[in-house]
Structures are given as C-alpha cells and as structure tokens.
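Inside the fold
Spelled out, the chains give:
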Amino acid sequence: MAGSGPLGVPAARWKRHIVRQLRQRDRAQKALFLELMPAYNRLLEKAELLTWISEKLQPEPNDVTPTALQGPWEEDSGPDSDEVPSPTTLRVKWQEEEEGLRRVCGEMAYQVVEKSAALGALESTLEERQSRLAALEAHVVELQEARSRHARQVDAQRELNAAQRAAYEALCAHARLQEAALRRLEEEARDLLERLVQRKARAAAERNLRLERHEKAKQARVSLELKKAAKRTVSISESPNTVSQGMREEAESLAPTAEPLSLKSEAGDKWKRPFSFKKRRGHSVGGAPEQRYQSIPVCVAARPPTQVQDVLDAHLSEVNAVCFGPSSSLLATGGADRLIQLWNVVGGRLEADQTLEGAGGSITSVDFDPSGSQVLAATYNQAAQLWKVGEVQSKETLSGHTDKVTAAKFKLTRHQAVTGSRDRTVKEWDLGRAYCSRTINVLSYCNDVVCGDHVIISGHYDQKIRFWDSRVPCCTQVIPVQGRVTSLNLSYDQLHLLSCSRDDTLKVIDLRVSNIRQVFRADGFRCGSDWTKAVFSPDRSYALAGSWDGALYIWDVDTGKLEGSLRGPHCTAINAVAWCASGSHVVSVDQARKVVLWR
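A quick note: this is a predicted structure, and the numbers were derived from the prediction, not measured. (Residues numbered from 1 in each chain as written. Predicted model: local features only at pLDDT ≥ 70, side-chain atom pairs only at ≥ 80, totals over all residues. Heavy atoms only, no water.)

Moving on, we come to the confidence of the model for the protein. Scored by pLDDT, the protein comes out at a mean of 81, with 82% of its residues at no less than 70. Of the regions scoring below 50 in pLDDT, residues 63–81 engages in one contact with residues more than four places distant in sequence or in other chains. Here residues 236–295 is a poorly scored stretch, pLDDT under 50, and it has 55 contacts once near neighbours within four places are set aside; other chains count. (pLDDT = per-residue confidence, 0-100. Contact = heavy atoms within 4.5 Å.)

Put into structure tokens, the structure is as follows:
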C-alpha cells in the first residue's frame, strides 16, 4: 500500500506500529502459559513413569516367589531384609501417589481446558481484531486516496490562487496607473477650467471696456449734437413745415440721451433700495420699449389654508423642493429621482405639464426666473442646471463648486443667479455667458441663499446668517441664530427675512434694523432635515413650515401666535412648502414622494 512517494512513509509507520502492538500482545499472553506447559509436561512424564512402575509391580496370578527361589541378592541382604517394605505396602503407597497424581493431572487437565477456552476466546478476539484491522486498512487506503485527491485539489487551488493573485496584482498595478492618469486628467481639467474662467473673465472685462468706450463715445456724440442744436438759430420767417421739421430733428437728436439718463436713474434707485423687484413700465423718452414680464397676481390679503384639494405621488423617491411660478398657475417640484416635474394648477387640481430631465444628481432647490420662462435647480452633482420651460433637456450647467450645491436662486433679472454649496462658497453667475462672475468664501456650509439686486443673504451650518454686497468683497453683517439654518425666505416687500433652523424655531428678521423681531415655536413642531423650508405668505401676514410628523404649522406674523396646524395626507417629514403669489394655494412636499395642494 505504501508507495515510494510522500504517502508511503506514513503508511510504513502505522504498519510497524500495528505489528509492534501484536507482538507485545503475543508476549503478554504467552507469558501466562510459560509455567503451565512445562509443569503439564512434567506431570505427563511422571504419570507415564508411575504407569510403567505400576505395571511392573502388578503380580501375576502364578507368580509366587518361594524362598528357595530367592536370588543371591536377597540372601546377601542379611540383616536389612526386615527393613524393605513389602509389595503390598509399596502398592498402597504407589496407589496413593498415583491417586494424587491423577488428581493433579485432573486439575491440570481442567486448567488446560480453561486455558484452551481462553485461548479460543483470544483467538476469536484476534480474528475479530484482524478483521477490524483489515477494515481499518481498507479505510486507511480510502483515506489515503481521498488525501491524495485532496492534495491534488489543494495543489490545483494553490495554482489557481497564485494565478488569481498575479491577476489581482496586475489589476492593482493597472488601477494605480489609471488613478494616476485620472489625477492627471483632473488636474488638466482644473487647469483648463481655470484658463476658461480666466479667459471668460478677460472677455467680460474687454466687453465691458468696449461697452464703456462705446457709451462714452455715444455720450460725447450726443453732447456735441446738443451743443450744435443749442447754437442753432431758428428764423421766424421760416415756414411751418420747416419749423416742424427742425423740431422733429431736434427730438431725434435728443432721443439717444434718454437711455443713459434712465440708466443712471435706475442705478440710483437700486443703490437706495438694494432689495427691489420693481420693473420699469412704459418707454423712456425716445428709447426702445423694455421687455415686459407676464402679469403677476397681486395678493391683497392671504388666508391660511384649511383643506386639502389634491394629493399626488409626484416623484419616484423623496421630494426635496417646490416652487410656484410668477403666475401662480405653474408649479415646479424637484426630487431625489433627478427629475423636475412641472404642474398646472387647474380647478383645484394638479395636472402634469412637463418633465425636465438631464439633472446630474438629486434636486435640492428649484426657482423660477422673474418671467417664469426658465427654471434653475441646484443638484448634488456639484453643479446647478438651467432649463427653459417647454424644453425637456437642460439648457446650461453651472459647474465650479467642489461639493453638493444646496441652493440656487435667480437675482432680480433672468440673466443673473446665485448658488450656495457645501464647499463653503457662494457663487454669482452670468447666465448670458454661463460663467461665474464672482466666488465668495463664506466660511461654513451654505444651506440656503436669497438675494436682491446687490445684496446676497446666506444661511449656514454654523448657526449664522451672513449678508454680502455684490459690490464689495467682504461680509457686511452677521446675525447669529440658535441652530443650523435650514432655509431663508424674503418677504415680497424686501423688508423682512424668515429663517428656519434646527433648534425647531422660525425667526423673523427686520432688515431695516437688522435684528430678530419675532421667534416662532410650537409644541410638536420639529425640523425634519437640514433642508426644511419655511415661507412667508405673499402679504407677509403668516409664516408657514412643515414638521417632521407631516403636519403644517401656521403662525400669525403680527401677533406672533400659532394660527393653527394642519394634519392631512403627509405621514413623513415635510421637506418644503410654497405659497403662490396670489395667496390662493399652498403646496407641501414630503419624504414619501407626496405633493399636496392646499386651499
């Protein structure tokens, strides 16, 4: 069974062990009979001797030894003849010895029988053990075959592991090369982006310089023509047609001056009132007509919502943002499914209008421009994206942040926007050229922003609200609050700011004196996330926010008291609420995909 290979050595070892045990057992059992067998043999010899003697001593019937026939040895005995025992005495003695020997022989024979029985039992045990040994040897052979088979499998597995290890090391080396290439490409992309931004900044500066030169040249030309017109004399003798023609020429010459004057007056108004949504109406003197936005419904007196009008599962996952358009009939919702849904409010129902696709990550904020024709959204893919209402795909992507973008809002025009991010920056964007015109380092995570013409207000993770002026590089004011800021909302009159924070309170800040005017809290009201949104009513009479348990809480801004709470279809935390400009509808969205229309 033992081979010449590595498996033969253990086989020879256990065989020698078994033979050694058998020999030891034979010696132990043989020692029991070493004294018995010679004694038995001696008894047999003595018995044969006694039998022979007894046969010799037996007298024959006609065997009489007379005195006359005694031999000479009997005569020579002389005086010792009396001491020789008689045959009868010897016979009795020998019979006694024979009887004793027979008893000993019987005992010895009994012992021989017992030892033979024991020997037979031992032989049967030996046979049983030999059969068990044969079975064990067969089992050992099977185990050796299984061991050899397993050894071959282990060798094959080791070879496979070695091959896989080599492949893994090759993949790791390739991955390191790819990572190095990726880092190089990222560095090149950053360099390209920086060069692109610098080139756009230079182009913007050159464009502004050209426009300034053109404006100066235009003003100089207009001034020169005004001087010429002032020096011109009109003769009384001229005909009426000539006079009217001269007046028309003078009006045409004066027309270009109206635009710069109107621009100066508009700039002066914006400087005096940094938060202003008012648009110029009508025409300037001799100027081209200004672009008009669609009419915005005016809310005279808002009433708090009391009943549910419609409930929809608007998205495939959590809904994070909601916003009404300027007309109050168009609504936008954004969710974690990377989609923006546009809805029409018709007859107290929400009707699906359009789905805007192409977002690179979860939507965290949505906003309409003042005309209602564009939608701006902040996403988790480190960018904000711009859509045109009516087009499915994104129009522009505003990239430049290095972390999640949490807020994106239009400024007072449709061509400028502001974004806030968790990378501790706020960026101003020129949407006409799709580039970042300014980056503000805000020192903490930015959760929300609101803006006027030149002022930007940002709410932060470090429990502070910061004010920034677009015309100066530093922060102009900081207002601390007792909790992480989750949202900011500016009233329509631009005089009050509503903040929501994780200390489960809403605060009204009077921007005229820059201090906290009121603090709203209620039993059971808790912010459900770091992006819970609260809003003013259009007339600033009420403040509205959603709680973690799906309830809407409404406070009266003038009295500071809780107006009431509404519990309806929401069963999870409300992420955001919106109040339309006409004051007739409220919409709330939650973490369970629901959009609820209230009236």
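Read on, since the account is not over.
Moving on, we come to the pattern of salt bridges. Counted according to the given criterion, the structure contains 15 salt bridges. The partner of Arg 414 in a salt bridge is Asp 369, with the nearest N and O atoms 3.7 Å apart. Here Asp 369 lies in the loop between strand 6 (363–368) and strand 7 (374–379) and Arg 414 lies in the loop between strand 10 (405–410) and strand 11 (416–421), a separation of 45 residues in the sequence. Each member of the pair, Arg 414 together with Asp 369, is buried. Two residues, Glu 428 and Lys 411, come together in a salt bridge whose shortest N-O distance is 3.2 Å. Pair noted here: Glu 428 is in strand 12 (residues 425–430) and Lys 411 is in the loop between strand 10 and strand 11, with a separation of 17 residues, a long-range link. The same class applies to Glu 428 as to Lys 411, namely buried. One salt-bridge network, held together by shared partners, links Lys 411, Glu 428 and Arg 438. (Salt bridge = Lys/Arg side-chain N within 4 Å of Asp/Glu carboxyl O. Helix = DSSP H or I, 4+ residues; strand = E, 2+ residues; numbered from the N terminus. Buried < 20%, exposed > 50% of the residue type's maximum accessible area, 1.4 Å probe, protein only.)

A separate point is the sheet that holds strand 13 (residues 435–441). Across the sheet, four strands lie side by side as 10-11-12-13; this open sheet has antiparallel pairing. A single partner strand is all that each edge strand has here, and the edge strands are strand 10 and strand 13. Each adjacent strand pair in this sheet contributes to an overall mean axis angle of 20°, direction not counted. By the bridge criterion, five bridges tie strand 11 to strand 12 in an arrangement that is antiparallel. From the neighbouring strand, Val 418 faces strand 12, where its bridge partner is Glu 428. (Pairing = 2+ DSSP bridges. Axes fitted to C-alpha atoms, helices over the stretch in contact; angles between N-to-C directions.)

Turning our attention to a nonpolar patch on the surface. A surface patch of nonpolar side chains, about 220 Å² in accessible area, is lined by Leu 193, Leu 196 and Val 197. Mapping Val 197 onto the fold places it in helix 4 (residues 87–231). By relative accessible area, which is 36% here, Val 197 ends up partly exposed. (Patch = residues over 30% accessible without salt bridge, like charges linked within 9 Å, V, L, I, M, F, W, Y side chains within 5 Å. Areas by Shrake-Rupley, 256 points an atom, 1.4 Å probe, with all protein chains shown as cover.)

Below, the discussion takes up the nonpolar core. Leu 498, Leu 506, Phe 520, Phe 525 and Trp 555 are the most contacted members of the largest nonpolar core, which has 16 residues in total. Counting residues per element, the ones that place at least two in this core are strand 19 (496–501), strand 20 (505–510), strand 22 (534–536), strand 23 (542–546) and strand 24 (551–556). A total of three residues in this core trace back to one element, the largest contributor, which is strand 24. (Core = buried A, V, L, I, M, F, W, Y, C linked by side-chain atoms within 4.5 Å.)

Time to look at helix 4. Helix length check: helix 4, at 145 residues, gives a terminal C-alpha distance of 201 Å against a target of 216 Å (1.5 Å per residue), a fit within 8%. Taken together, the buried positions of helix 4 are Glu 98, Gly 100, Leu 101, Met 108, Gln 144, Ala 146, Ser 148, Ala 204 and Val 222. (Expected span 1.5 Å × (residues − 1).)

A word on a negative patch on the surface. Where like charges cluster on the molecular surface, the negative patch consists of Glu 186, Glu 187, Glu 188, Asp 191 and Glu 194. Position of Glu 188 among the secondary structure elements: in helix 4. (Lys, Arg positive; Asp, Glu negative; His and termini not counted. Charge placed at Lys NZ, Arg CZ, Asp CG, Glu CD.)

Within the element layout of this structure, Gln 309 appears in strand 1 (residues 308–313). Polar side-chain contacts of Gln 309 include one of 3.3 Å to the side chain of His 585. Residue contacts for Gln 309: discarding those within four places in its chain leaves Gly 348, Arg 349, His 585, Leu 597 and Arg 599. (Polar contact = N/O pair within 3.5 Å; in protein donor to acceptor, adjacent residues only side chain to side chain.)

Before going further, it helps to spend a moment on the pairing of strand 13. Across six bridges, the pairing between strand 12 and strand 13 is antiparallel. Pairing of Val 426 across the sheet is with Ile 440, part of strand 13. Hairpin connection, strand 12 to strand 13: the antiparallel pair is bridged by four residues, and Ala 434 has positive phi, about 55°.

To continue, consider the environment of His 585. Tracing the backbone shows His 585 in the loop between strand 26 (574–579) and strand 27 (586–590). Each C-alpha atom, one on His 585 and one on Leu 597, is 6.9 Å from the other, the two residues being 12 residues apart in sequence. If sequence neighbours within four positions are ignored, His 585 has contacts with Gln 309, Phe 324, Val 345, Ala 578, Trp 579, Cys 580, Leu 597, Trp 598 and Arg 599.

Before going further, it helps to examine the sheet that holds strand 5 (residues 349–356). Read across the sheet, four strands follow the order 2-3-4-5 without closing on themselves; strand pairing throughout is antiparallel. Lying at the two open borders of the sheet, with one neighbouring strand each, are strand 2 (319–324) and strand 5. Strand-to-strand twist in this sheet, taken as the mean axis angle between neighbours without regard to direction, amounts to 25°. As judged from the five bridges shared by strand 3 (residues 330–335) and strand 4 (residues 340–346), these two strands associate in the antiparallel manner. Residue pairing across strands places Ala 332 opposite Leu 342, the latter belonging to strand 4.

Let's shift gears to the packing of aromatic side chains. If you walk through the whole model with that rule in mind, you get six aromatic pairs. Note on Phe 525 and Tyr 553: the rings are 5.5 Å apart at their centroids and 70° apart in plane angle, and the pair reads as edge-to-face. Of this pair, Phe 525 sits in the loop between strand 21 (515–520) and strand 22 while Tyr 553 sits in strand 24, placing them 28 residues apart in sequence. Of the two residues, Phe 525 and Tyr 553, neither departs from the other in class, the shared state being buried. With a centroid separation of 6.1 Å and 25° between ring planes, the pair formed by Tyr 553 and Trp 555 is classed as stacked. Given the relative accessible area of 2%, Tyr 553 is considered buried. Take Trp 555: its relative accessible area is 0%, and that puts it in the buried class. Through successive ring pairs, a cluster of aromatic residues spans Phe 520, Phe 525, Tyr 553 and Trp 555. (Phe/Tyr/Trp six-rings, centres within 6.5 Å; stacked < 30°, edge-to-face > 60°.)

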